[in-house]
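Remarks on the overall topology
Listed below, chain by chain, are the residues.
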Amino acid sequence: MDMNVGLVGIGAGIGAGLAIIGGGGGISRLAAAAMEGMARQPEAAGDIKGTTIITAAFIEGVTLFAVVVCLMLALNTVQK
Amino acid sequence: MSLLSALLASLFALALQHAPAPQAAAPQVAAPQAQSAVQHIEEQVEGLEDEAEHLESQIAAHAPGHDGKPTSSQIFQGLFKHLEPHAVTALWFGGSKKMFGLVPAYAADTDGNALHEDEHGNPAVFHSRAELNAHYAADFGGGQGILIYNINTAQWLAAITLVIVVLLAARSARRQSGQAPRGTGYHILESIVLYVRDDMVYTVMGKHHGERFVPLFLTQFFFILFMNLFGLMYLGSIGGTATANLAVTGGMALTTLLFIHFSGMREHGFLHHWKNFVPAGLPWFVLPIIIPVELMGMIVKPAALTIRLFANMTAGHLVVLGFFGLIYLFGSYAIGVPVLGMSIAIYCLELFVCFVQAYIFTYLSIIFVGASVHPEH
């Protein structure tokens, strides 16, 4: 029983880490592209900024879904 | 043969201590072997006693506060419980005493002293309306009670503050009409309102369609923002982050869902609005694929809004809680110094997240409602 709880904890931790890797990669690519776009066309900076924040929120949202799943897994299992 | 099996079984029981007692072995023992059977049973009892001791020590290690040193995971879970909504008071109405008013949200005797306490020494609150009714119905001669949670009070606090702020700003705007506006608070509010109207609603929906929806989205933006900001303040037991609760964010997303369909039906008529679900000019054989996908999209939109806001507001609090948990984990005051710095840094990030999440929730709602009002864009 104890080993299963430990395995779930490890799984939840690894899952949260993988979600962070994916989300971080996505947001960094997005930010790099947005900065390049703004540097090339400073007059479009406002539009690019708005779209960047919205897209970053989408990526962040998906990442947080994964983190919430990991959190529920860890808390529900360790409590019992 | 039975002697051998009994000995083997008792050896196993001694060695493993967790193995189930071999019940079948004892009755088979014949009279000359009675002594060994007694010995075997004694050994079994010893094994069970050891097991019981082992289990007791395990229970003692897991029970919070039993030996004064809870484990770090218990501390973190105890801290985590503070993120969950808890009842702060209850409203009772009806009964033979014609009672209408507030009663304690915990089981209390006639003097008002709490009957039960949780592990922190606080009065243990009711968890459901049924528990509340079962406790108070006899005292008031019937009637019904409603539990009021800290997220309810936090929402009302945000709503009242919002009304007061907007009324003050409106009065100031009326008094200063025709002059240059003055006052810091007024300027801040005006710039946010203008940003929501011009850069969010009008750019997505256009002035013609968007004008009707500006009050809705302004209310949505400021209500979420105020709930987020009140969640960062310590307000005793009545405070709490209302938006770190799935029910609250789900309610806000449900408003968006209703407006997506009601404004679409109002703009295009009932049938035409539901026909807009499917892009025009598609061949008939893709309809079985497109219709389920669009139906799923209809549900996923508000669900994503719900979980995004909930997860963002919960995540910041969890990280701060995790840092505070480090103090208990290391059991030293010195660790409090870096923890304080990290907590303040995360807190500043949370302050930023409060604004960003209110902006994103409103902006996505505007996009969804705008797509429903004029789907060709």
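Analysis parameters
Residues numbered from 1 in each chain as written. Chains lettered and ligands numbered in written order. Predicted model: local features only at pLDDT ≥ 70, side-chain atom pairs only at ≥ 80, totals over all residues. Helix = DSSP H or I, 4+ residues; strand = E, 2+ residues; numbered from the N terminus. Buried ≥ 20, exposed ≤ 12 C-beta atoms within 10 Å, placed from the backbone. Contact = placed C-beta atoms within 7 Å. Rg over C-alpha atoms; globule rule 2.2 N^0.38 Å. Expected span 1.5 Å × (residues − 1). Pairing = 2+ DSSP bridges. Axes fitted to C-alpha atoms, helices over the stretch in contact; angles between N-to-C directions. Core = buried A, V, L, I, M, F, W, Y, C linked by C-beta atoms within 7 Å. Parallel < 35°, antiparallel > 145°, perpendicular 65-115°, else oblique. Nonpolar A, V, L, I, M, F, W, Y, C, P; charged D, E, K, R; others polar. pLDDT = per-residue confidence, 0-100.

Turning our eyes to something else, we now look at the overall build of chain B. Helices and strands together make up the secondary structure of chain B, namely 11 helices and 3 strands. Expressed as a percentage of the 377 residues in chain B, the buried residues total 25%. When contacts within chain B are restricted to residue pairs at least 6 apart in sequence, long-range pairs at least 24 apart make up 65% of them.

If you tally the helices and strands in chain A, you get 2 helices and 0 strands. Taken over the C-alpha trace, chain A has a radius of gyration of 18 Å; the compact-globule value for 80 residues is 12 Å, which it surpasses by more than 25%. By its C-alpha atoms, chain A is 60 × 15 × 10 Å across when sized along the principal axes. Considering only intrachain contacts with a sequence separation of at least 6, the fraction spanning at least 24 residues in chain A is 78%.

Right, let's get into helix α5 (residues 150-175) of chain B. Owing to its 3.6 residues per turn, the α-helix brings residues three or four apart onto one side. Residue and element names in this part refer to chain B. Here α5 spans 37 Å end to end across 26 residues, near enough to the 38 Å set by a 1.5 Å rise per residue. Along α5, the positions that sit buried rather than exposed are N150, I151, A154, Q155 and A158. Check the buried side of α5 and you find it contacts β1 (87-94), β3 (144-149), α7 (214-232) and α8 (246-268).

What follows concerns the sheet that holds strand β2 (residues 99-103) of chain B. Residue and element names in this part refer to chain B. Overall, antiparallel pairing links the 3 strands, which are arranged β2-β1-β3 in an open sheet. Taken across any chain shown, the strands that pair with only one partner, and hence form the sheet edges, are β2 and β3. Between one strand axis and the next, the sheet turns through 15° on average, direction left out of account. Here 5 bridges tie β1 to β2, and the two strands are oriented antiparallel to one another. In the strand pairing of β2, W92 is matched with G101. Lying on the sheet, helix α4 (residues 129-140) is in contact with β1, β2 and β3; it crosses β3 at an angle near 130°. Contacting β1 and β3, α5 crosses the sheet at an angle of about 70° to β3.

Two elements, β1(B) and β3(B), share 6 bridges in a ladder whose sense is antiparallel. When the sheet's bridge partners are listed, A90(B) is paired in β3(B) with L147(B).

Before going further, it helps to examine the nonpolar core. Residues and elements named next belong to chain B. The biggest cluster of nonpolar side chains holds 61 residues, and the ones touching the most others in it are A87, A105, V201, I224, M227 and I366. Broken down by element, the residue count for this core peaks at 11 residues, all from helix α11 (residues 336-373). Other than its neighbours up to four places away in sequence, A105 contacts A87, V88, T89, A90, V125, F126 and L147.

A few words now on the environment of G94(B). Residues and elements named next belong to chain B. Residue position: G94 is located in strand β1. For G94, a count of 15 C-beta atoms within 10 Å puts it in the partly exposed group. The sequence separation of G94 and F230 amounts to 136 residues, and the corresponding C-alpha distance is 33 Å. Setting aside residues up to four positions removed in sequence, G94 forms contacts with G142, G143 and Q144.

Turning to the packing of helix α6 (residues 184-210) of chain B against α11(B), a few remarks are in order. Residues and elements named next belong to chain B. Here α6 crosses α11 at 5°, and the two axes come no closer than 10 Å. Relative to α11, α6 is oriented roughly parallel. Seen from α6, the contacting residues are V196, M200, V201, V204, M205 and H209; seen from α11, they are T362, Y363, I366, I367, G370 and V373. For the contact of α6 with α11, the per-class residue count stands at 9 nonpolar, 3 polar and no charged.

A separate point is the confidence of the model for chain B. All names here are of chain B. For chain B, the mean per-residue pLDDT works out to 79, and 80% of the residues sit at or above 70. Model confidence for chain B, summarised as mean pLDDT per element, is weakest for helix α1 (residues 2-16) at 47 and strongest for α7 at 93. Across residues 7-29 the pLDDT falls below 50, and counting only partners more than four positions away or on other chains, this stretch makes 29 contacts in the model.

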